[in-house]
Amino acid sequence: MSNAVVVGTQWGDEGKGKIVDLLMDRFDIVARYQGGHNAGHTVIIDGRKYVLHLIPSGVLRPDKVCVIGNGVVVDPFALLEEAEMLQEFALNGRLLVSNRAHLILPYHRALEAAEESRLAEGQIGTTLRGIGPCYEDKMARRGVRLAELFSPETFRAKVESNVEFANRILSKVYGAPALEADRIVDSYLAISDRIRPFAADTAEYLGGAVRNGRSVLFEGAQGALLDVDHGTYPFVTSSNATAGGACTGAGVGPGAIDGVIGISKAYTTRVGAGPFPTELADRLGELIRARGAEFGASTGRPRRCGWFDAAVVRYSGLINGLDTLAITKLDVLDELDEIQVCIGYRNRGKRLDSFPAGIEELRQVEPIYETLPGWKSDTSQVRRLEDLPSAARLYLQRLAELAEVEVSIISTGPDRKETVILEESPQLRRILGK
Ligand code: GDP
Ligand code: IMO
Ligand code: MG
């Protein structure tokens, strides 16, 4: 049996949820390893739509175990709300949340909102879920972990101390209202008994499962370009969304991972602020947004849309060690006469060899485009590669060449069944343990 990581290769919303749900018929366990309920993973099965934020997308397959790893930041109220939404899927006994995962508390949201308004024009455009400040507390070693929710005295003392600290910043730095520690502590302790059945030592669980030959699919949230180390810093999220995050965020060694599946849209989108070299701030961008229903699954914000950027996906291949790619939303391009693909960047006339680290440089780069013919026909019913129009096959082949990663899955619609899987791909066979 094999263990694999699924990662977003762009700025998130690549269709990870759909592909994880699809592939979970071949794995026993699905595990989230970073991020929190900033994620929005949409899965559509026979026309029924589910949007998952915190619980892994494999949950819709009733016999699979779902793990929320130590690297995830957990808002327990968001967790319960989502568990309730998924009641019909009987989560008891098959949803495990790491007792080492850090808790999001109301002061994280308050600090984030205050900082975003201080930044004004320069704001990151976060989801305002408290994700960033929760990871800040984790690194500052004052964070509160899930296990502490079950020791009321420790929990109260830590939260009181943190609220006192946060209140000083809220009032003195931001002039924002203070929060009441008692109310926070009482509300969290009041739900602790509902969280307790899910709490587990998930690293221990995963380690044992892997030793016993059970297979795990690690589900990345966000995307490589939103990774705190490798992404377009500071316009990133506060965790390691890249494949390496699976090791630290789930507590497994690198040797346990057999392969990495990257998910890319057939074009590019981004929500929130930050550089986006191939952005189409025109009618074409609007057309793609409308056809692709590009509105945030978590915040409802319109997503910025642009052409496929091979410089981004090639870089993503490097930092994730991608073995194979799933290209999603090919159908969204069905009506276009011509499609542009960015093959690299130029800055002040000079071709760049690597993806720029500096945000200012990335803002200035000029994408170099190649134009490919559109296929002008409906691909949504296609289930086999040979049934795709030749221009669509050519487009996919070119994306693979430019990104330097093979393509083995093609998605032509949001539903689980609207997918072409190239079962003969040696990489995919290896990763899926065949
Ligand atoms: P994730 O965050 O990576 O899981 O992606 P999201 O769920 O946020 O965004 C992807 C959106 O595209 C969702 O609304 C999906 O239902 C939808 N989607 C996924 N694959 C396809 C596809 O191949 N074609 C179309 N038209 N929509 C798709
Ligand atoms: P999925 O898993 C797209 C973006 C936010 C913002 C930045 C930081 O659905 O692909 P944060 O709240 O994380 O501190 O915001 O990251 N962002 C996402 N963009 N998809 C996501 O998740 C995202 N999660 C965060 O818009 O720009
Ligand atoms: Mg999403």
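A. Layout of the nonpolar core. If you look at the biggest cluster of nonpolar residues, it comprises 73 residues, and the most contacted ones within it are Val5, Leu206, Phe218, Leu330, Tyr345 and Tyr395. Ala4, Leu23, Val30 and Val59 belong to the second largest nonpolar core, which has 60 residues in total.

B. Region of interest: the site of ligand 1. Neighbouring ligand 1 are 18 residues; Lys16, Gly40, Lys329, Asp331 and Ser411 lie closest to it. If you map ligand 1 onto the pockets, it falls in the second largest pocket. Elements represented by at least two residues in the shell around ligand 1 include exactly helix H1 (16-23) and strand S3 (41-45). Here the shell around ligand 1 is composed, by residue class, of three nonpolar, eight polar and seven charged.

C. Spotlight on the coordination of the magnesium ion (ligand 3). Ligation of the magnesium ion (ligand 3) by protein atoms is provided by Asp13 (OD) and Gly40 (O), these donors lying 2.0 to 2.2 Å from the ion. Of this pair, Asp13 sits in the loop between strand S1 (4-8) and H1 while Gly40 sits in the loop between strand S2 (29-32) and S3, and the two are 27 residues apart along the sequence.

D. Fine view of the site of ligand 2. By nearness alone, 20 residues border ligand 2, and Asp13, Lys16, His41, Thr127 and Thr237 come closest of all. At a separation of 2.8 Å, an oxygen atom of ligand 2 approaches a polar backbone atom of Asp13. Burial of ligand 2 by the protein amounts to 98% of the accessible area it has alone, namely 550 Å². Its atoms largely coinciding with the cavity grid, ligand 2 occupies the largest pocket.

E. The arrangement of the pattern of salt bridges in detail. One pass over the full model with this rule turns up 31 salt bridges. Glu14 serves as the salt-bridge partner of Lys16, at 2.9 Å between the closest nitrogen and oxygen. When sorted by exposure, Lys16 lands in the same class as Glu14, which is buried. Across the pair Asp186 and Arg156 runs a salt bridge whose closest N-O atoms are separated by 3.0 Å.

F. Broad picture of the side chain of Ser425. Secondary-structure assignment places Ser425 in the loop between strand S20 (419-421) and helix H13 (426-431). A residue is classified by how much of its surface remains accessible, and Ser425, at 6% relative accessible area, is buried. Of note is the side chain of Ser425, whose polar atom sits 2.8 Å from the side chain of Glu406. Filtering out sequence-adjacent residues up to four positions away, Ser425 remains in contact with Glu406 and Ser408.

Calculation rules
- Residues numbered from 1 in each chain as written.
- Chains lettered and ligands numbered in written order.
- Predicted model: local features only at pLDDT ≥ 70, side-chain atom pairs only at ≥ 80, totals over all residues.
- Heavy atoms only, no water.
- Core = buried A, V, L, I, M, F, W, Y, C linked by side-chain atoms within 4.5 Å.
- Buried < 20%, exposed > 50% of the residue type's maximum accessible area, 1.4 Å probe, protein only.
- Near = heavy atom within 4 Å.
- 1 Å grid on protein atoms, 1.4 Å probe; cavity = no way out; pocket = protein on both sides within 12 Å on 5 of 7 lines; lining within 4 Å.
- Sits in = over half its atoms within 2 Å of the grid points.
- Helix = DSSP H or I, 4+ residues; strand = E, 2+ residues; numbered from the N terminus.
- Nonpolar A, V, L, I, M, F, W, Y, C, P; charged D, E, K, R; others polar.
- Donors = N, O, S within 2.8 Å, 3.2 Å for Na, K, Ca; no water.
- Polar contact = N/O pair within 3.5 Å; in protein donor to acceptor, adjacent residues only side chain to side chain.
- Areas by Shrake-Rupley, 256 points an atom, 1.4 Å probe, with all protein chains shown as cover.
- Salt bridge = Lys/Arg side-chain N within 4 Å of Asp/Glu carboxyl O.
- Contact = heavy atoms within 4.5 Å.

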